[in-house]
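Each chain, letter by letter, is given below.
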Amino acid sequence: MTEILFQPLGNPLAASRPMEKIADIDSRLTRTHYFDGRLLTAEDLERDQIYLDERLREAGKVLGEGVASGLELSFDRYSGVLTLEAGYGVTRHGRILQLDEQLTVNVTDSALISQLNKGKYRRFNRGLYAVVLNYVEVATDLAEVFPTDLASKRGAEYASVTEAVQLGLVPLPIPLAQQSELHTRASLIRALQDNKLVADMIPGDSLPLGILAVRDDTPLWLDSELLRHPNRRDDSAFSMKQDLYRQHENLFYDVLEHRESGGLPLEFSATDYFSLMPAAGSMPKACIDPVRAVQSYFPDNYQIHIAPVRMAEVDLLLQESLPLPAVDLTSSEVVDIMILVPLSNQNYGRYASQLERDPNIVEGKLRAFDPLRLTIYPRPAPHQLDTDEAVWRSIFDATEEDTLLYVRRPLRAAETQVSGIVLANGFDFPPVKKPTSSNTTVSTSDNNILTIANSPTDRGGVIVDEDDVIKRFLSLRAIGELRMPRTEVEKKAFTWVEEKPGQEAQALQQILFLLLRISPWYDPVLWRTIKALFQKNLIEKAQEILSENETGHPVMTAKLLVKLMASQGVSKTLLKQWEELAMKLEKA
C-alpha cells in the first residue's frame, strides 16, 4: 500500500516539526475516564454530572435567553395573587426552565414568604422588584453513610437532588417615584433602555418576567412586559426596539382602559403619559379629526399625515418601520409621522379610489396620488383645505376600532417629500389584444386598444380574502355569548383565547368545531380546555379524535380529551374536573 504524506503550506521546514497542541483545557468540560479495576469516588461521579450540566447549558446558550413559550405573568391587586402560567424559557447562563402547570403565590402572605425564605424576609421594603423564575435544587430522600475507617461513624445524607423552579423577587436599583402607576411605568420604559446595571442584578440562572412595585409592604401594580423578552441569542439594537414596541403597546392599552373606567375622554396628548415611543405603534382614534384636518396627539412641530391602508399590509408596514429611530417626545427634533387608517380590501377599494385624481393624457399630467395622503395640523388651518370631507368621514366610519396606527417615515422620504414614483401616461401604448377578463378596464384611442390593469385600490374588481370574510361574520365574542364562562378562571381563559388564537380565521373554525362537539355539560371547564389545547398545540389532534368518535356521546368525548391532554402534561386539576363531570353525567 502506498503511503500518503501531507505537506503543509508555507515553509517546507514546517513538515519536519512536530505539531504542537494549542487547545486550552476547560476544567468544566472534564469527564471521568472509566476502566476495569478503578476505584470510583463521589468526586468522579460528580465530575460527570458537572460535565453533562455544562454541555446542556451550552445548548441553552445557543438557543438564546428569554421566554420561549407561555410563562404569562398576571397580578390581581385586590387579592395580591401573582399567577404564572405554564411554559418554558432559557436563562442567561443557558439553563432551560420549564413550568408544567400554573403557579400562584399570594404576595401579601407574609407568613408564607417568611417560611419560604427561612425567616429572613417578613416584609417588603418600598421599591421596584424584578419578578423572576429561579432554578433551584431540592435535597430529597435519605441514604445511610457507611464509615470509611475505624474512627468514622455511620451517618446519613440526602440521597437525591430534585431540580425545580420557584418564583422570586429581586430588588432593583431604581427608586419607586412619587407618581401614578402609568407615569411610573412610562418613565421605566426610558430608564430600562440598555440599562446594564439592572441586567446585572438578575441572577444568571433566573428568568425575568416583569416588574412589581411595592409600597408600605403592599404590592401596587405589575408590568409584565418590562424586563421580559422573547427567546433570542443577543440584545441587538433591533431587539431593543422590539422590546420598546411591546412595552409601549402594553402601557398604551392600560392607559385607554384607565381613562375609560374613569370616565375620561380618549382624546389626550402622547406627552401626557409617554416620553419615549417606538417608531411604530397604536394611537387613539379620538385624537384625529380628518374632516377638519386636526390632530391633538403628537407635538405641534411634528409633520403629520394620514392615509388609508389595507389591513393585510399593516404587519408589513410595522416591520419596516420598527428598525427606525424611536420617537423621543422630549426632543425638539422635527419628526415626520404617517397615521394609518386600516381598511378591509373592499372598503379600501371603495374609498381610496375616490381620493385619486384621473390622469390628464391630453396635457401629459401625471396621475395625482397626493390626495391619498392628507396633511393634518395641531389646530384648524386658517385657509380652506380640499380634504374630500365626505370620503374621509366615510373612511373613519368604516374603521370600527378605537385605535389607529402610526409609523415614523424614513428620513429620505421625510426630507424629500417623495415616498414613491409614478410613471407618466403621456405616450401611446402599444397595441394589445382585447382582454376577456372583467377585472380590467378597456378603452380605445386612435384605433389602438388601451388596457389598464386594476389600480392598487382594486377599482372594478375587489378581491376579498376568505379569512377576512370569516372574521367579518364570525367573532369569538359573539360565539362566546352562547357559552359564556361563569367563573373567574374560565373568564381569564376566555380572554386569552379571544386575544390570541381567536384573532385567526382558522382558529375560529377550530373553536367552533369544539363548541359543537363538546356538550354544554362541560361548560365549567370549556374555555380552560380550549386554551390548554392551543398552548400544547393539540387543537388539530383534538379535532381528529373527536371526529372519529361517531357516537358523539359526552362521556366518550370526556375520556378522549382527558387521555389526549394527560399525555401532554396538561394541568392535573383540569383533568380531575373533567373526570368528575363525566362521572356525574354517567351516573345521571
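Residues numbered from 1 in each chain as written. Predicted model: local features only at pLDDT ≥ 70, side-chain atom pairs only at ≥ 80, totals over all residues. Heavy atoms only, no water.

1. Remarks on the sheet that holds strand E1 (residues 66-70)
Line of reasoning, step 1. If you trace the 3 strands from one edge of the open sheet to the other, you get E1-E4-E5, paired in antiparallel fashion. Either end of the sheet is taken by a strand with one partner, and the two such strands are E1 and strand E5 (96-99). The average undirected angle you get between the axes of adjacent strands in this sheet is 15 degrees.
Line of reasoning, step 2. In terms of strand pairing, strand E4 (residues 87-90) meets E5 through 4 bridges, oriented antiparallel. Note that in E5 the partner of valine 90 across the bridge is isoleucine 96. (Pairing = 2+ DSSP bridges. Helix = DSSP H or I, 4+ residues; strand = E, 2+ residues; numbered from the N terminus. Axes fitted to C-alpha atoms, helices over the stretch in contact; angles between N-to-C directions.)

2. Digging into the environment of alanine 532
Line of reasoning, step 1. Mapping alanine 532 onto the fold places it in helix H14 (residues 526-535).
Line of reasoning, step 2. Considering only alpha carbons, one finds alanine 532 and methionine 565, 33 residues apart in sequence, at a separation of 8.2 Å.
Line of reasoning, step 3. The residues contacting alanine 532, other than those within four sequence positions of it, are Val570 and Leu574. (Contact = heavy atoms within 4.5 Å.)

3. What about the pairing of strand E7 (residues 127-145)?
Line of reasoning, step 1. Here 8 bridges tie E7 to strand E9 (residues 206-215), and the two strands are oriented antiparallel to one another. When the sheet's bridge partners are listed, leucine 128 is paired in E9 with alanine 213.
Line of reasoning, step 2. Two strands pair when backbone bridges link them, and E7 and strand E8 (residues 155-171) are joined in this way by 16 bridges, in the antiparallel orientation. Within the sheet, the bridge partner assigned to asparagine 134 lies in E8 and is glutamine 166.

4. Some points on helix H12 (residues 488-499)
Line of reasoning, step 1. Here H12 contains 12 residues, and its C-alpha end-to-end distance of 17 Å stays within 8% of the 16 Å for a straight helix at 1.5 Å per residue.
Line of reasoning, step 2. Where H12 is concerned, the buried positions are Glu490, Ala493, Phe494, Trp496, Val497 and Glu498. (Expected span 1.5 Å × (residues − 1). Buried < 20%, exposed > 50% of the residue type's maximum accessible area, 1.4 Å probe, protein only.)

5. Points about helix H13 (residues 505-517)
Line of reasoning, step 1. With 13 residues, H13 extends 19 Å between its outermost C-alpha atoms, agreeing within 8% with the 18 Å of an ideal straight helix rising 1.5 Å per residue.
Line of reasoning, step 2. Taken together, the buried positions of H13 are Ala505, Ala507, Leu508, Gln510, Ile511, Leu514 and Leu515.

6. Side note on the nonpolar core
Line of reasoning, step 1. Counting residues in hydrophobic clusters, the biggest one holds 55 residues, and the most contacted among them are Met277, Met283, Tyr297, Phe298 and Ile337.
Line of reasoning, step 2. Of the residues forming this core, the biggest block, 5 residues, is contributed by helix H5 (residues 237-261).
Line of reasoning, step 3. Not counting residues up to four positions away in its chain, the partners in contact with tyrosine 297 are Phe252, Phe268, Ser269, Ala270, Phe274, Met277, Ser282, Met283, Pro284 and Cys287.
Line of reasoning, step 4. With 36 residues, the next largest nonpolar core counts Ile479, Ala493, Leu538 and Val570 among its residues. (Core = buried A, V, L, I, M, F, W, Y, C linked by side-chain atoms within 4.5 Å.)

7. Notes on the packing of aromatic side chains
Line of reasoning, step 1. For the structure shown, the criterion picks out 8 aromatic pairs.
Line of reasoning, step 2. The interplanar angle of 25 degrees and the centroid separation of 4.5 Å between the aromatic rings of tyrosine 522 and tryptophan 578 together place this pair among those described as stacked. On the criterion of sequence distance, the pair formed by tyrosine 522 in the loop between H13 and H14 and tryptophan 578 in helix H17 (residues 572-587) is long-range, its members being 56 residues apart. By the burial criterion, tyrosine 522 is buried, and tryptophan 578 matches it.
Line of reasoning, step 3. It is arginine 95 that lies over the ring of tyrosine 135; its NZ or CZ is 3.9 Å from the centre. (Phe/Tyr/Trp six-rings, centres within 6.5 Å; stacked < 30°, edge-to-face > 60°. Lys NZ or Arg CZ within 6 Å of the ring centre and 35° of its normal.)

8. Observations regarding the packing of helix H7 (residues 345-355) against helix H8 (residues 389-398)
Line of reasoning, step 1. Relative to each other, H7 and H8 sit at 160 degrees, their axes nearing to 10 Å. Here H7 lies roughly antiparallel to H8, going by the angle between them. Note that H7 runs across H8; the crossing there is left-handed. Across the interface between the two elements, Asn347, Tyr351, Gln354 and Leu355 from H7 touch Val391, Trp392, Ser394, Ile395 and Ala398 from H8.
Line of reasoning, step 2. Split into classes, the residues belonging to the contact of H7 with H8 amount to 6 nonpolar, 3 polar and no charged. (Parallel < 35°, antiparallel > 145°, perpendicular 65-115°, else oblique. Left-handed = near helix turned anticlockwise from the far one by under 90°. Nonpolar A, V, L, I, M, F, W, Y, C, P; charged D, E, K, R; others polar.)

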